[in-house]
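# Residue-level structure breakdown
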Amino acid sequence: MSLYSYDVQIKRMPGNEDVLLPQKMSAAASGYDLHAAVSEPVVLQPGERRLIPTGFALSMPPELEAQIRPRSGLAFKHGITTLNSPGTIDADYRGEVKVLLINHGQEPFTVARNERIAQMVFQLVPTIQLSEVTELTETERGTGGFGHTGR
Ligand SMILES: O=c1ccn([C@H]2C[C@H](O)[C@@H](COP(=O)(O)OP(=O)(O)OP(=O)(O)O)O2)c(=O)[nH]1
Ligand SMILES: [Mg+2]
């Protein structure tokens, strides 16, 4: 049991009573698998991207966000991933959660209704006071980046 516990509400979009709600596939899985709410099978051609509905919307406290991440099995076996990975679900978004899938594989890939297409991980979002300054604190790294420590 985690130290943190939050109530999150989920609402089905109309006409999706048969679509499985997000589901953890093992007791301590970090992600809830998301099911496709497509009305009929959708074929993703190689290189094609599609916004796939999930059939639900969320309400969560502002301390949270949800990230939409690929399923590694689909990526490994079929080259199917989420293009905007990780997708960001803002705490104040009340629209249908959607998954932006892209087929990076060589073969057409068919998404059927209720197929598990991605996973959703809830994350804590800290409260930040972003303030403009003219000088930043000094560090050993300084402005070095993008591989300056070597390969
Ligand atoms: O994979 C995703 C990514 C986003 N969204 C929804 C929820 C999110 O809160 C909203 C906006 O997403 P984001 O901020 O990534 O997109 P944007 O291009 O900045 O759109 P906006 O101007 O609406 O913020 O779209 C999804 O359903 N799935
Ligand atoms: Mg945005």
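Residues numbered from 1 in each chain as written. Chains lettered and ligands numbered in written order. Predicted model: local features only at pLDDT ≥ 70, side-chain atom pairs only at ≥ 80, totals over all residues. Heavy atoms only, no water.

### Comments concerning the side chain of N16
Among the secondary structure elements, N16 is positioned in the loop between β1 (9–12) and β2 (32–35). By relative accessible area, N16 is classed as buried at 8%. At a separation of 3.2 Å, a polar atom in the side chain of N16 contacts the main-chain carbonyl oxygen of M13. Sequence-distant contacts of N16, defined by excluding residues within four places in its chain, comprise A37, G55 and R113. (Helix = DSSP H or I, 4+ residues; strand = E, 2+ residues; numbered from the N terminus. Buried < 20%, exposed > 50% of the residue type's maximum accessible area, 1.4 Å probe, protein only. Polar contact = N/O pair within 3.5 Å; in protein donor to acceptor, adjacent residues only side chain to side chain. Contact = heavy atoms within 4.5 Å.)

### A closer look at the pattern of salt bridges
Here the idea is simple: oppositely charged side chains can pair when their charged atoms come close. For the structure on display, the rule yields four salt bridges. Of the charged contacts in the structure, one is a salt bridge between R113 and D18, with a shortest N-O distance of 2.8 Å. Taken together, the residues R113 in the loop between β10 (109–111) and β11 (116–124) and D18 in the loop between β1 and β2 connect sequence positions 95 residues apart. A residue is classified by how much of its surface remains accessible, and R113, at 27% relative accessible area, is partly exposed. As a salt-bridge pair, D33 and R116 come within 2.8 Å of each other at their nearest N and O atoms. Of this pair, D33 sits in strand β2 while R116 sits in strand β11; the two residues are 83 residues apart in sequence, bridging distant segments of the chain. Taken together, the salt bridges that share partners define one network made up of D33, R71 and R116. (Salt bridge = Lys/Arg side-chain N within 4 Å of Asp/Glu carboxyl O.)

### Structural notes on the sheet that holds β11
Here four strands make up an open sheet; going across it, the order is β2-β11-β6-β8 and the pairing antiparallel. The two strands at the open ends of the sheet, each matched to only one other strand, are β2 and β8 (87–89). The sheet shows a mean angle of 35° between the axes of neighbouring strands, taken without regard to direction. (Pairing = 2+ DSSP bridges. Axes fitted to C-alpha atoms, helices over the stretch in contact; angles between N-to-C directions.)

### Focus: the UniProt feature "binding site: substrate" (unreviewed entry) in the chain
Following the UniProt record, one finds the feature "binding site: substrate" (unreviewed entry) at R71, S72, G73, N84, T88, I89 and D90. For this annotated set, covering 20 residues, the C-alpha atoms extend up to 26.3 Å from each other, a dispersed arrangement in space. Position of T88 relative to the elements: it lies in strand β8. Looking at the secondary structure, you find I89 in strand β8. Residue classification places I89 among the buried residues on the basis of a relative accessible area of 7%. Filtering out sequence-adjacent residues up to four positions away, I89 remains in contact with M60, E65, A66, I68 and V97. (UniProt positions renumbered as here; feature names shortened; annotations may be inferred.)

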